[in-house]
Amino acid sequence: MIETILPGCVVAADLFHDPPDATLFPEEEKVIERAVDKRRREFTTARFCVRTALGRLGLPPFPILPGPRGAPQWPQGVVGSITHCEGYRGAVLGSSAEVSTIGIDAEPNGPIPGGTLEAISLPEERSELGRLSSRHPHVHWDRLLFSAKESVYKAWFPLTGRWLDFHEASIAFDPSSNTFSARLLVPGPRVNGTQLGSFSGRWMVDQGLILTAIVIGRQGH
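Residues numbered from 1 in each chain as written. Predicted model: local features only at pLDDT ≥ 70, side-chain atom pairs only at ≥ 80, totals over all residues. Heavy atoms only, no water.

Engineer: Help me out: how do you make sense of helix α2 (residues 37–56) in this one?
Structural biologist: Residues separated by three or four positions in an α-helix point in the same direction, a consequence of the helix having 3.6 residues per turn. Helix length check: α2, at 20 residues, gives a terminal C-alpha distance of 29 Å against a target of 28 Å (1.5 Å per residue), a fit within 8%. Listing the buried residues of α2 in full gives Glu-42, Phe-43, Thr-44, Thr-45, Ala-46, Arg-47, Cys-49, Val-50, Arg-51, Ala-53 and Leu-54. Where the residues of α2 are buried, they touch β1 (10–15), α1 (26–31), β2 (65–66), β4 (78–85) and β5 (88–95). (Helix = DSSP H or I, 4+ residues; strand = E, 2+ residues; numbered from the N terminus. Expected span 1.5 Å × (residues − 1). Buried < 20%, exposed > 50% of the residue type's maximum accessible area, 1.4 Å probe, protein only. Contact = heavy atoms within 4.5 Å.)

Written as structure tokens, this is what we have:
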């Protein structure tokens, strides 16, 4: 499903269930040996999706272990992003020769818990969410804002190795094109010889889910 909002330079694999035959590498198994069942299923199916996407890149299976701040450690020459929520797991990968970074996120299309919006948003974002909600009530815009910020962070971290706070990027949505822009409020990373001041992404709402994605290509791709 997520391929709908992705450019052609990346590959995707996603699932709405947990395959009973999905397995892990021993190194991955060790990471979740004490995990509860829910965490184990999320972790295992997400790696199943990664393996499928690697195959679509013409690459063999590879153990995907968490690195700094939990970010996946990809095989050499690969960039990617993983997401999972209730009823959905997905992975998007690309060649590092063509893609600089990827950030994806999936969320249920429902309201975020009370008090969370103030913690993750800026005043101007909250004002805009009110206007969007009145025009497009089928979308839970507070949850979409959270998802977009998650995708921004996942795209940001591999480029910088640094934390990005929820209040350090300002998101603006365009419902006419299902796109969003994230204006960075701190100095951005250098990509293709240029310092980025913003990220651009796409979003969709379908089957009770919100999906957001950012893909930044390399110069000339």
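Engineer: Can you help me understand the environment of Asn-178 in this one?
Structural biologist: Its place among the elements puts Asn-178 in the loop between β7 (169–174) and β8 (179–184). Judged by relative accessible area, Asn-178 falls into the partly exposed class, the value being 26%. Between the alpha carbons of Asn-178 and Phe-62 there is a distance of 34 Å; along the sequence they are 116 residues apart. Not counting residues within four places of it along the chain, the set of residues in contact with Asn-178 comprises Gly-201, Arg-202, Trp-203 and Met-204.

Engineer: I'm lost on the sheet that holds strand β11 (residues 198–206) in this one. Help?
Structural biologist: Picture the strands of a sheet paired through backbone hydrogen bonds; they go either parallel or antiparallel. One open sheet accounts for five strands, arranged β6-β12-β11-β8-β7; its pairing is antiparallel. The outermost strands of the open sheet, each flanked by one partner alone, are β6 (99–108) and β7. Each neighbouring strand pair of the sheet contributes to a mean axis angle of 20 degrees, computed without reference to strand direction. Pairing of β11 with strand β12 (residues 209–217), which is carried by five bridges, proceeds in the antiparallel orientation. Note that in β12 the partner of Asp-206 across the bridge is Leu-209. Along the sheet face, helix α4 (residues 123–135) touches β7 and β8 and points at about 15 degrees away from the line of β7. (Pairing = 2+ DSSP bridges. Axes fitted to C-alpha atoms, helices over the stretch in contact; angles between N-to-C directions.)

Engineer: How should the nonpolar core be read in this particular structure?
Structural biologist: When a protein is soluble and globular, its nonpolar side chains tend to lie buried together. Membership of the largest hydrophobic core comes to 30 residues, with the highest contact counts inside it found for Trp-141, Val-152, Ile-171, Phe-173, Phe-180 and Phe-199. Mapped by element, the contributors of at least two residues to this core are α3 (116–120), α4, α5 (141–160), β7, β8, β11 and β12. Ranked by residue count, the leading element in this core is α5, at 10 residues. In contact with Phe-173, other than residues within four places in its own chain, are Leu-129, Leu-132, Trp-141, Leu-144, Leu-145, Ala-148, Thr-179, Phe-180 and Trp-203. With 18 residues, the next largest nonpolar core counts Leu-6, Val-10, Cys-85 and Tyr-88 among its residues. (Core = buried A, V, L, I, M, F, W, Y, C linked by side-chain atoms within 4.5 Å.)

Engineer: Would you mind going over the side chain of Ser-151 with me for this structure?
Structural biologist: Examined against the element boundaries, Ser-151 turns out to sit in helix α5. Residues in contact with Ser-151, not counting those within four places in the same chain, are Gly-103, Ile-104, Asp-105, Thr-212, Ala-213 and Ile-214.

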